[in-house]
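One letter stands for each residue in the lines below.
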Amino acid sequence: MDKPLAQAKTQLDFYAEQAKSHAEIPFGHGEADFALPFVIGQLRMRGWHSLLDVGAGTGRLLAMIARQVEMQRLVGLEPSADSRELAYRHYGFTSQTMIDGDATALSFADGEFDVVTEFAVLHHILQPRRALAEMIRVARHAVVVVDGNNFGQGSYLLRRCKQLLNALGLWGAVDRLRTGGKGYHVTEGDGLWYSYSAFNDIDLLRAAFKTVHVINDSGCSSDHYRDAPGVILLAMDKR
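Residues numbered from 1 in each chain as written. Predicted model: local features only at pLDDT ≥ 70, side-chain atom pairs only at ≥ 80, totals over all residues. Heavy atoms only, no water.

Trainee: How do you make sense of the overall build of the protein when you look at a structure like this?
Mentor: Within the protein one finds nine helices and nine strands. Relative to the globule expectation of 18 Å for 239 residues, the C-alpha radius of gyration of the protein, 17 Å, shows essentially globular dimensions. With the principal axes as the frame, the protein shows a C-alpha extent of 45 × 40 × 35 Å. Looking at the protein as a whole, 51% of its 239 residues qualify as buried. Taking the intrachain contacts of the protein between residues at least 6 apart in sequence as the baseline, contacts between residues at least 24 apart amount to 69%. When the accessible area of the protein is evaluated, it comes to approximately 11400 Å², of which 55% is carbon and sulfur surface. (Helix = DSSP H or I, 4+ residues; strand = E, 2+ residues; numbered from the N terminus. Rg over C-alpha atoms; globule rule 2.2 N^0.38 Å. Buried < 20%, exposed > 50% of the residue type's maximum accessible area, 1.4 Å probe, protein only. Contact = heavy atoms within 4.5 Å. Areas by Shrake-Rupley, 256 points an atom, 1.4 Å probe, with all protein chains shown as cover.)

Trainee: What is the right way to read the packing of helix α2 (residues 36–46) against helix α3 (residues 60–68) from this model?
Mentor: Two numbers describe a pair of packed helices, the interaxial angle and the distance between the axes. The N-to-C vectors of α2 and α3 enclose an angle of 40 degrees; their axes lie 10 Å apart at closest approach. Taken together, the axis directions place α2 and α3 in an arrangement best described as oblique. Between α2 and α3 lies a crossing whose hand is right-handed. Taken together, the residues of α3 that come into contact with α2 (itself represented by Leu-36, Val-39, Ile-40, Leu-43 and Arg-44) are Leu-61, Met-64, Ile-65 and Gln-68. Across the contact of α2 with α3, the residue classes tally to seven nonpolar, one polar and one charged. (Axes fitted to C-alpha atoms, helices over the stretch in contact; angles between N-to-C directions. Parallel < 35°, antiparallel > 145°, perpendicular 65-115°, else oblique. Left-handed = near helix turned anticlockwise from the far one by under 90°. Nonpolar A, V, L, I, M, F, W, Y, C, P; charged D, E, K, R; others polar.)

Trainee: How should the layout of surface pockets be read in this particular structure?
Mentor: Unfilled space is identified by rolling a water-sized probe across the atoms. Estimates place the volume of the second largest pocket at around 370 Å³. Lining the second largest pocket are 16 residues, with Trp-171, Gly-172, Asp-175, Ser-195 and Asn-200 positioned closest to its centre. A per-element tally of the lining of the second largest pocket places helix α7 (residues 171–178) first, with four residues. Per-class residue counts for the lining of the second largest pocket are seven nonpolar, six polar and three charged. (1 Å grid on protein atoms, 1.4 Å probe; cavity = no way out; pocket = protein on both sides within 12 Å on 5 of 7 lines; lining within 4 Å. Points joined across faces, edges and corners; volume = space filled by probe spheres on them.)

Trainee: What exactly am I supposed to notice about the sheet that holds strand β3 (residues 98–99) here?
Mentor: Strand pairing in a sheet relies on backbone hydrogen bonds, with the paired strands running either antiparallel or parallel. Across the sheet, which stays open at both edges, the seven strands sit in the order β3-β2-β1-β4-β5-β9-β8 with mixed pairing between neighbours. Each edge of the sheet is formed by a strand with only one pairing partner; in this case those strands are β3 and β8 (209–216). In this sheet, strand β2 (residues 73–77) lies alongside strand β1 (residues 50–54) in parallel orientation, the contact comprising five bridges. Looking at β2, one finds that Ser-50 is bridged to Arg-73. (Pairing = 2+ DSSP bridges.)

Trainee: Can you help me understand a nonpolar patch on the surface in this one?
Mentor: Taken together, the side chains of Leu-164, Leu-168 and Leu-170 present a nonpolar region at the surface, about 290 Å² in accessible area. Mapped onto the elements, Leu-164 comes out in helix α6 (residues 156–167). For Leu-164, a relative accessible area of 52% gives the class exposed. (Patch = residues over 30% accessible without salt bridge, like charges linked within 9 Å, V, L, I, M, F, W, Y side chains within 5 Å. Salt bridge = Lys/Arg side-chain N within 4 Å of Asp/Glu carboxyl O.)

Trainee: Quick question: what am I supposed to make of the nonpolar core here?
Mentor: Counting 32 residues, the largest nonpolar core has Leu-52, Phe-108, Val-116, Val-143, Val-145 and Leu-205 as its most contacted members. Of all the secondary structure elements, the ones that give two or more residues to this core are β1, β2, β4 (113–119), α5 (128–138), β5 (139–148), α8 (202–208) and β9 (230–238). If sequence neighbours within four positions are ignored, Leu-205 has contacts with Leu-132, Ile-136, Val-143, Val-145, Val-212, Leu-233 and Ala-235. (Core = buried A, V, L, I, M, F, W, Y, C linked by side-chain atoms within 4.5 Å.)

Trainee: Can you help me understand unusual backbone geometry in this one?
Mentor: Both trends apply: most residues other than glycine have a negative phi, and most peptide bonds are in trans. Residues other than glycine seldom take positive phi values, yet Ala-120 does so here, at roughly 55 degrees. Along the chain, Ala-120 turns up in the loop between β4 and α5. For Ala-120, a relative accessible area of 11% translates into the label buried. Backbone geometry at Asp-237 places phi at a positive 65 degrees, although glycine is not the residue there. Within the secondary structure layout, Asp-237 lies in strand β9.

Trainee: What is the right way to look at the packing of aromatic side chains in this model?
Mentor: Pairs of aromatic rings are described using the distance from one ring centre to the other and the angle between the two planes. Inspection of the entire model under this criterion finds seven aromatic pairs. With a centroid separation of 5.0 Å and 85 degrees between ring planes, the pair formed by Phe-108 and Phe-113 is classed as edge-to-face. On the basis of relative accessible area, Phe-108 is assigned to the buried category, the value being 12%. When the centroid spacing of 5.9 Å and the interplanar angle of 85 degrees are considered together, the rings of Phe-199 and Tyr-225 count as edge-to-face. With Phe-199 in the loop between β7 (191–193) and α8 and Tyr-225 in helix α9 (residues 224–227), this pair connects stretches of sequence that are 26 residues apart. Overall, the relative accessible area of 18% leaves Phe-199 in the buried class. Residue Tyr-225 is classed as partly exposed on the basis of its relative accessible area of 25%. Chaining the aromatic ring pairs together yields one cluster made of Phe-151, Trp-171, Phe-199 and Tyr-225. Directly above the ring of Tyr-184 sits Lys-182, whose terminal nitrogen or CZ lies 5.8 Å from the centroid. (Phe/Tyr/Trp six-rings, centres within 6.5 Å; stacked < 30°, edge-to-face > 60°. Lys NZ or Arg CZ within 6 Å of the ring centre and 35° of its normal.)

Any link to function would need more than the numbers given here.
Structure follows, in structure tokens:
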């Protein structure tokens, strides 16, 4: 577990409640659905046949991938027992294909999967940089990050203020103050989460892969760091 037990319980309780309805969401209505065609297209065209999804939830996205691509190995890592149980019942996953585990200490060999993905998970992890480093380690060809960019969220003025604070190295301190020293937020729609930008750790992807594509997952921003609330980072061609 990558966080204190009290925080972990809050998060797992939220997932337990969410799991009851999450599996029934049709394609196009899920938080990270926009990224799926990009992932499926790369799997098909490049002939990649093994994939690990970190924070797989109920297995909804993995099931969609399996319907579109003939995969030799598809594994979901999910710490919530309630979500895993629903994945077994609803989608037919097994204890070998939907497993418990810690994203910051993956129990797989280096380069064991062609592709490693995460869909809106890193902002729920206390140590997202460590989790991403693990994703990179076990990936053979590509890593896909689909997550928020807190510096591109909010009004124009709020975004620019956050970006200035980040440039001055003050954002972490300000965020801790606004959370009353906790360092995390709890909301009805997202459970327990941390203020996170996928751009915080993009240097890890650039160091490990020859190509890193950046795509805004909503809106029409041309400067994604400044204006995109969420992004897709598609890193390919492992060095």
